Amino acid sequence: MYHLECIECHRKYPDNEIIYLCKCGGLLDVVYDSDLQVSKNDFKGPLSVWKYRPLLPAKGEPVTLQEGGTKLYRIDRIAKDVGIKDVYVKHEGMNPTGSFKDRGMTMGVTKALELGMKTVACASTGNTSASLAVYGARAGIPAVVILPSGKVALGKLAQALIHGAKVLSIRGNFDEALKLVCNLCEEEGFYLLNSVNPYRLEGQKTIAFEIVDQLGWEVPDRIVLPVGNAGNISAIYKGFKEFKRIGIIDDIPKMTGIQAEGASPIALAVREHAASITPETMPETLATAIRIGNPVNAKKALTAINESGGTAETVTDEEIVNAQCELASVEGIGVEPASASSIAGLRKLVEMGVIEPDERVVCVTTGHLLKDTQHVLDVCPKPVEIDATIEAVRKAVFGNQESWRSFI
Ligand SMILES: *Cc1c(COP(=O)(O)O)cnc(C)c1O
Ligand SMILES: [Zn+2]
C-alpha cells in the first residue's frame, strides 16, 4: 500500500526497513500506491489525526491521546487591523502536550512499536522532547531526548522530565544535538523520531486535512506558519497534495514560511532563489522552537514553497513578541513566541503587498502560551501590589488608568 522513496534519486525502500535517509543522502517520503482509492466517506470519527487513517501508514492499534482536532478560529480584529478580510488561526497549542508535535509522535511512536523498536530518541528545541516523552510513556517504552542546554523553555523541559524521558542537556545548540542523536540511534538501535523520520511528517500532514475539513472541504489561499527544522511546512504541503491527488480538493494553498531574523536560512534561500540553503552556525532568537540554523527538511520545504507559489520571510524578535501580545490580548489566543511569528509574518507580508487583502489565510499557531512564560513576565506590566482593602483596590483600578490600559 505504501513504501519509502528518496526525493532525490527516487530509490525505493520497503515500509518495514529502518532507514531515515536514502543511501544517496536524500530525504525520504512515504509514498502511497497510485491506485489508492480514498474518499471523504472513508474518514470516520471526530476531527483528529486518526480520522484520516486511510491516508496514514499504520497497521496496528495507534498509540494515541486523541491528538489533533484543534480549533480553527477566525481572528477578525487582527485581520481588520492588518488590512485583510479572511484570517483564521489553526491553534495547534490545543494538542495533548500543547504543540503540533503530538500529531507526528502519535504516528511515529505507533510506527516504532510496529517495527519492534525498544527505545525512541530525539533531539529537540523543547516541544519534540515533551511530546516524545508523553508518547513513550503511553507506549510503555523508554525515551531519550537531547536538548541544547539553557535554550529550552521551562514548560517543555518540565514535561520531558515528568513524563519520564531520559533528558540529556548538551553544551551545544540544536543542530549539534541532532547530529548526536543520529549517531546514538545508529549505534544503539534506538528509533529516531526527529522530523527527518518521514513517518512523523505523515502524522503532521493531517493539519492540512483538518483545515480543509473545517472549511467545509474548501481550500484557503494561503497557509502561514513558523519554520524551524522545516518538517511541518513540508508535511502540511504533502497533506494538501494528497487531498488533491485523490480528488478532494482542486487547489493547493501558497505555503508561506516565517523564520526569526536570527535563524533564517530558508527565508534567505527563497529571497536569493537558491536551490539549497546555507546553514547558519550561530542561530539566535527568543523564539527557541525555531532557533535552528541547519534545517534538516530544507529541501522538502523549498519544494513546498516554490511549487505552491508561496514564499518565506523573516520577522524580528520584537515583531514576534508584539504579535504574541496582540493575539493574546485582542483575540484571546495564547501562543508561544515561535507560533506568533506566523501572525507577525502575516502583518509584514500584507504591508509588503505580497499577501493580497482578499486572500483567505490560515495561520498555524504551533504551540501553547504556557510552554514558555519567562519573557511574558518580562514584557508585561508587573502585577500591582496593594493593601487588602477595597479603597486600595479602587485606587489601583481607577487611579492610574493610563498605565493600566497601556498594555492592551
Ligand atoms: C517544532 C516547532 C516549530 C518548528 O517546526 P518545524 O517542523 O521544525 O519547522 C515551530 N513552532 C513550535 C511551537 C514548535 O514546537
Ligand atoms: Zn536517494
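Residues numbered from 1 in each chain as written. Chains lettered and ligands numbered in written order. Predicted model: local features only at pLDDT ≥ 70, side-chain atom pairs only at ≥ 80, totals over all residues. Heavy atoms only, no water.

Next up on the list: the overall build of the chain. Along the chain, the regular secondary structure elements total 15 helices and 13 strands. Summarising its shape, the C-alpha atoms of the chain cover approximately 70 × 45 × 45 Å along the three principal directions. Within the chain, the proportion of its 408 residues that are buried is 57%. Of the contacts formed within the chain by residues at least 6 apart in sequence, a portion of 71% connects residues at least 24 apart. A total of about 17500 Å² of accessible surface is found on the chain, and carbon and sulfur atoms cover 52% of it. (Helix = DSSP H or I, 4+ residues; strand = E, 2+ residues; numbered from the N terminus. Buried < 20%, exposed > 50% of the residue type's maximum accessible area, 1.4 Å probe, protein only. Contact = heavy atoms within 4.5 Å. Areas by Shrake-Rupley, 256 points an atom, 1.4 Å probe, with all protein chains shown as cover.)

This next bit is on the packing of helix H8 (residues 231-245) against helix H10 (residues 298-308). Close contact between H8 and H10 brings their axes to 8 Å; oriented N to C, the two are set at 50 degrees. Here H8 is positioned oblique relative to H10, judged by the angle of their axes. Seen from above, H8 lies across H10 with left-handed handedness. Of H10, the residues touching H8 (which contributes Ile-233, Ser-234, Tyr-237 and Lys-241) are Lys-300, Ala-301, Thr-303, Ala-304, Ile-305, Glu-307 and Ser-308. When grouped by side-chain class, the residues that make up the contact of H8 with H10 number five nonpolar, three polar and three charged. (Axes fitted to C-alpha atoms, helices over the stretch in contact; angles between N-to-C directions. Parallel < 35°, antiparallel > 145°, perpendicular 65-115°, else oblique. Left-handed = near helix turned anticlockwise from the far one by under 90°. Nonpolar A, V, L, I, M, F, W, Y, C, P; charged D, E, K, R; others polar.)

What follows is about the site of ligand 1. As a structural note, the neighbourhood of ligand 1 is formed by 17 residues, with Lys-101, Asn-127, Gly-228, Asn-229 and Thr-366 the closest of them. Ala-230 is positioned such that a nitrogen or oxygen atom in its backbone is 2.8 Å from an oxygen atom of ligand 1. One of the side-chain nitrogen or oxygen atoms of Thr-366 is found 2.7 Å away from a nitrogen atom of ligand 1. Against a free-state accessible area of 380 Å², the protein chains account for coverage of 97% of ligand 1. Residue assignment for the shell around ligand 1 shows that the elements contributing at least two residues are H8 and helix H12 (337-351). Here the residues of the shell around ligand 1 are counted per class, giving seven nonpolar, eight polar and two charged. (Near = heavy atom within 4 Å. Polar contact = N/O pair within 3.5 Å; in protein donor to acceptor, adjacent residues only side chain to side chain.)

A separate point is the coordination of the zinc ion (ligand 2). The textbook angles at a metal center are 109.5 degrees for a tetrahedron of four donors and 90 or 180 degrees for an octahedron of six. Around the zinc ion (ligand 2), the donor atoms from the protein are Cys-6 (SG), Cys-9 (SG), Cys-22 (SG) and Cys-24 (SG), and they sit 2.2 to 2.3 Å away. Viewed at the metal, the four donor atoms of the zinc ion (ligand 2) are separated by angles of 104 to 119 degrees, and the geometry they form is tetrahedral. Look at where the donors of the zinc ion (ligand 2) fall in the sequence and you get C-x2-C-x12-C-x1-C. Linking Cys-9 in the loop between strand E1 (2-6) and strand E2 (12-13) with Cys-22 in the loop between E2 and strand E3 (28-32), this pair joins segments that are 13 residues apart in sequence. (Donors = N, O, S within 2.8 Å, 3.2 Å for Na, K, Ca; no water. Tetrahedral: all angles 85-135°; square planar, octahedral: opposite > 155°, others 65-115°.)

In the structure shown here, the tally under the stated rule is 25 salt bridges. Of the charged contacts, one joins Arg-74 and Asp-76 as a salt bridge, the two residues approaching to 3.0 Å between their closest N and O atoms. Linking Glu-284 and Arg-291 is a salt bridge whose minimum nitrogen-to-oxygen distance equals 3.0 Å. You can call Glu-284 partly exposed: its relative accessible area is 41%. Connected via shared salt-bridge partners are Arg-74, Asp-76, Asp-86, Glu-218 and Arg-360. (Salt bridge = Lys/Arg side-chain N within 4 Å of Asp/Glu carboxyl O.)

Judged by pairing direction, the sheet is parallel, and its four strands sit side by side in the order E8-E7-E6-E9 without closing on themselves. Every interior strand has two partners, whereas the edge strands, strand E8 (166-170) and strand E9 (191-192), have only one. Pairing between strand E7 (residues 143-148) and E8: five bridges, direction parallel. Following the sheet pairing, Val-145 is matched in E8 by Val-167. (Pairing = 2+ DSSP bridges.)

Scanning the entire structure with this criterion turns up nine aromatic pairs. Geometrically, the ring pair formed by Tyr-2 and Tyr-32 is tilted, given 5.8 Å between the ring centres and 55 degrees between the ring planes. Taken together, the residues Tyr-2 in strand E1 and Tyr-32 in strand E3 connect sequence positions 30 residues apart. Note on accessibility: Tyr-2 and Tyr-32 belong to one class, buried. The ring centre of Tyr-88 lies 5.2 Å from the NZ or CZ of Arg-74, which sits over that ring. (Phe/Tyr/Trp six-rings, centres within 6.5 Å; stacked < 30°, edge-to-face > 60°. Lys NZ or Arg CZ within 6 Å of the ring centre and 35° of its normal.)

We now examine the nonpolar core. Counting residues in each nonpolar core, the largest one holds 87 residues, and the members touching the most others are Leu-132, Tyr-191, Phe-240, Phe-243 and Ile-266. Each of domain 1 (1-36) and domain 2 (72-98 + 200-378) accounts for three or more of the residues forming this core. With residues up to four places along the chain from it excluded, the contact list for Phe-243 reads Phe-43, Tyr-52, Leu-55, Phe-209, Val-212, Trp-217, Ile-248 and Ile-249. Formed by 29 residues, the second largest nonpolar core is a distinct cluster that contains Ile-290, Ile-320, Ala-344 and Val-361. (Core = buried A, V, L, I, M, F, W, Y, C linked by side-chain atoms within 4.5 Å. Domains from an automatic or database assignment.)

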